[in-house]
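Listed below, chain by chain, are the residues.
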Amino acid sequence: MRDIPDSIRLTENEKAWFAASQETLTFKSNPYYMDLARQSEAVRHQLIPTVSELDYREYESRDPLSEELFSPLPRMVHRYRNRVALLLTDNCSIHCRHCFRRSFTGTGNNNLSLEDCDRVIGYLNEHPEVKEVLLTGGDPLTLPLSHLAAILDRFRNRAENTKLILRMATRIPAVLPAGITGELLHVLRKSSPLWMVIQFNHPDELTAESREALQKIREAGIPAVNQTVLLKGINDDPQVLGELFQELLAEGVKPYYLFQGDLARGTSHFRVSLERGWQIMDELRQIVSGLAMPTYAVDLPGGGGKIPLSRSLLIRESETGYIFRNREDSNREFEYPRESDS
Ligand SMILES: *Cc1c(COP(=O)(O)O)cnc(C)c1O
Ligand code: SF4
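The structure presented is a predicted model; accordingly, all values stated were derived computationally and were not measured.

Visitor: Mind showing me how you'd approach the pairing of strand 6 (residues 224-229) here?
Guide: As a general feature of sheets, a regular strand has side chains that alternate between the two faces. Judged by how many residues are buried, strand 6 sits mostly within the fold: six of six residues are covered. Alternating residues of strand 6 divide into Ala224, Asn226 and Thr228 and Val225, Gln227 and Val229, and every residue in both groups is buried. By the bridge criterion, three bridges tie strand 5 (residues 194-198) to strand 6 in an arrangement that is parallel. Among the inter-strand pairings, Ile198 is bridged to a residue of strand 6, identified as Asn226. Between the parallel pair strand 5 and strand 6, the chain is carried across by helix 8 (residues 208-219), and the sense of this crossover is right-handed. Relative to strand 7 (residues 254-259), strand 6 is paired through five bridges, and the arrangement is parallel. From the neighbouring strand, Asn226 faces strand 7, where its bridge partner is Pro255. At this point the chain moves from strand 6, through helix 9 (residues 238-250), to the parallel strand 7, and the crossover so formed is right-handed.

Printed below as a string of structure tokens:
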């Protein structure tokens with residue numbers, strides 16, 4: 001509890017998490033986001049752990065997307081034919097309590113070395129079907145700028161595909177907007193074609209500082225989209241999401257995905273029912289423009305991959321959940337569980 005400033009009085013549920021010594025995602029914050037947590041309950045719930053995180057469900061997993069099955073090189077996930085994800089670091093500026101990579105985040109695995117990066121580029125050169133690399137983590141923008149610049153430079157100069165799309169997934173604009181510096185943007189812009197994928201989950205995260213960061217990204221000419229995680233008690237409300245998406249659009253950021261919670265261990269208290277998710281999407285369509293609408297999506301458990309949560313992929317409901325097919329293999333079924341309230 002020594003990391004929590006005196007001005008934040010912990011609730012009993014928060015104290016109980018700090019008192020327990022279980023193996024779970026550690027608490028991590030920075031002064032900017034802590035200050036925001038003091039002013040906003042929606043931010044506080046994303047930052048300060050509660051004892052609910054120690055409540056594991058049997059269908060939850062340390063590897064909810066079964067990424068280990070699709071990992072031909074350390075830290076690289078090749079799940080979809082034409083794009084790969086690369087975990088540049090396990091480090092983040094803050095630890096989001098809903099993090100689905102929580103068994104990797106903040107574990108001291110450290111940063112991708114340039115040798116590992118060269119191995120990845122070698123793999124890409126042997127797999128010309130890969131057109132895009134998602135640079136993710138952790139948060140890649142926590143890398144020392146010189147190291148990040150060296151990695152991006154290698155992708156631009158050693159990958160045979162000169163049009164390789166780089167997709168930088170980061171939460172820095174929302175959780176540490178001062179981290180969006182001119183030098184960083186210069187490095188990112190040099191690495192074009194590069195898209196930023198950011199994560200804002202609530203309008204309270206759109207402060208004067210974060211809007212300034214988004215403005216800088218826009219003015220640097222770097223295209224950006226947003227992914228929001230649907231979070232119970234935080235943003236499971238069409239008015240809240242509608243405001244968030246409209247405001248993001250005004251900042252030049254297209255809402256891309258609204259993610260149904262992945263089945264990561266200790267996150268059941270954040271998960272919203274699919275019924276409610278669908279209802280929210282229907283209502284959202286009435287209050288925002290089509291341009292502001294993200295795709296509601298989920299990563300199916302058991303390695304089923306990402307699917308849009310459209311009712312056309314829902315085969316039936318079972319006693320314990322919803323049975324989906326993915327688009328790759330219509331003979332296989334994947335169950336997304338229905339959350340029980342206890
Ligand atoms: C989400 C994800 C992608 C990207 O999927 P899009 O639908 O293109 O956004 C790629 N690889 C992995 C492993 C992913 O989890
Ligand atoms: S920034 Fe991303 S990887 Fe890091 S804790 Fe938050 S959700 Fe997890």
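Past the structure itself, the notes keep going.
Visitor: Would you explain the sheet that holds strand 11 (residues 321-324) in this entry?
Guide: Strands pair in a sheet through their backbones, by hydrogen bonds, and they do so in one of two ways: parallel or antiparallel. Strands sit in the order 10-11-12 across an open sheet of three strands; the sheet is antiparallel. In this open sheet, the two strands that pair with only one neighbour each are strand 10 (314-317) and strand 12 (334-337). Pairwise comparison of adjacent strand axes, ignoring direction, gives a mean angle of 30° for this sheet. Sheet topology places strand 10 next to strand 11; three bridges connect them, and they run antiparallel. Bridge pairing links Leu314 to Phe324 in strand 11. Against the sheet, helix 10 (residues 274-287) makes contact with strand 10, strand 11 and strand 12, and its axis sits at roughly 70° relative to strand 11, the strand it touches most.

Visitor: Teacher, can you tell me more about the packing of helix 4 (residues 114-126) against helix 5 (residues 145-158) here?
Guide: Each pair of packed helices gets described by two things: the angle between the helix axes and the distance between those axes. Contact geometry for helix 4 and helix 5: axes closest at 10 Å, N-to-C directions at 25°. By the angle class used here, helix 4 and helix 5 are roughly parallel. In this structure, helix 4 crosses over helix 5, and the sense of that crossing is right-handed. Of the residues in helix 5, those in contact with Leu114, Cys117, Asp118, Val120, Ile121, Leu124 and Asn125 of helix 4 are His147, Ala150, Ile151, Arg154, Phe155 and Arg158. In terms of residue class, the contact of helix 4 with helix 5 is made up of eight nonpolar, two polar and three charged.

Visitor: What should I look at first to understand the nonpolar core in this one?
Guide: For soluble globular proteins, the rule of thumb is that nonpolar side chains tend to be buried together. Counting residues in each nonpolar core, the largest one holds 87 residues, and the members touching the most others are Phe155, Met196 and Phe324. One finds Val229, Leu231, Ile234 and Phe270 within the second-largest nonpolar core, a separate group that totals five residues.

Visitor: I would appreciate a short explanation of the site of ligand 1 in the present structure.
Guide: In the neighbourhood of ligand 1, the contacting residues comprise Val77, Arg79, Tyr80, Arg83, Ala85, Leu134, Arg167, Tyr256, Tyr257 and Lys306. One of the side-chain N or O atoms of Tyr256 is found 2.6 Å from an oxygen atom in ligand 1. The separation between an oxygen atom of ligand 1 and a polar side-chain atom of Tyr257 is 2.6 Å. Here ligand 1 loses 89% of its free accessible area of 390 Å² to cover by the protein chains. Elements with a contribution of two residues or more to the shell around ligand 1: strand 1 (76-80), strand 2 (83-87) and strand 7. In terms of residues, the shell around ligand 1 owes the most to one element, strand 1, which gives three residues. A class-by-class count of the residues in the shell around ligand 1 yields six nonpolar, no polar and four charged.

Visitor: What am I meant to see in the environment of Thr228 here?
Guide: Mapping Thr228 onto the fold places it in strand 6. Residue contacts for Thr228: discarding those within four places in its chain leaves Phe200, Asn201, Asn235, Leu241, Leu244, Phe245, Tyr257, Leu258 and Phe259. Within the structure, Thr228 has its side chain in polar contact with the backbone oxygen of Phe200 (distance 2.7 Å).

Visitor: Got a minute to help me understand unusual backbone geometry in this structure?
Guide: With an omega dihedral of 10°, the bond running from Gly137 to Gly138 counts as a cis peptide bond. Within the secondary structure, Gly138 sits in the loop between strand 3 (132-136) and helix 5. Residue Pro193 follows Ser192 across a cis peptide bond; omega there is 0°. Among the secondary structure elements, Pro193 is positioned in the loop between helix 7 (182-190) and strand 5.

Visitor: Please explain helix 1 (residues 12-19) as it appears in this structure.
Guide: In an α-helix there are 3.6 residues to a turn, and that puts residues three or four apart on one side. Glu14, Trp17 and Phe18 are the residues of helix 1 that are buried. End-on, the buried residues of helix 1 take up no more than an arc of 95°, which puts them together on one face. Looking at helix 1, the residues exposed on the side facing more than 90 degrees away from the buried face are Glu12 and Ala19.

Visitor: What is the right way to read the site of ligand 2 from this model?
Guide: As a matter of local geometry, ligand 2 sits amid Cys92, Ile94, His95, Cys96, Cys99, Thr105, Gly138, Arg171 and Gln199. In terms of residue class, the shell around ligand 2 is built from four nonpolar, four polar and one charged.

Quick notes on the rules
Residues numbered from 1 in each chain as written. Chains lettered and ligands numbered in written order. Predicted model: local features only at pLDDT ≥ 70, side-chain atom pairs only at ≥ 80, totals over all residues. Heavy atoms only, no water. Buried < 20%, exposed > 50% of the residue type's maximum accessible area, 1.4 Å probe, protein only. Helix = DSSP H or I, 4+ residues; strand = E, 2+ residues; numbered from the N terminus. Pairing = 2+ DSSP bridges. Right-handed = clockwise from strand over helix to strand, strands pointing away. Axes fitted to C-alpha atoms, helices over the stretch in contact; angles between N-to-C directions. Contact = heavy atoms within 4.5 Å. Parallel < 35°, antiparallel > 145°, perpendicular 65-115°, else oblique. Left-handed = near helix turned anticlockwise from the far one by under 90°. Nonpolar A, V, L, I, M, F, W, Y, C, P; charged D, E, K, R; others polar. Core = buried A, V, L, I, M, F, W, Y, C linked by side-chain atoms within 4.5 Å. Near = heavy atom within 4 Å. Polar contact = N/O pair within 3.5 Å; in protein donor to acceptor, adjacent residues only side chain to side chain. Areas by Shrake-Rupley, 256 points an atom, 1.4 Å probe, with all protein chains shown as cover. Arc of directions from axis to C-beta.

These results come straight from atomic positions and should not be treated as a statement about function.
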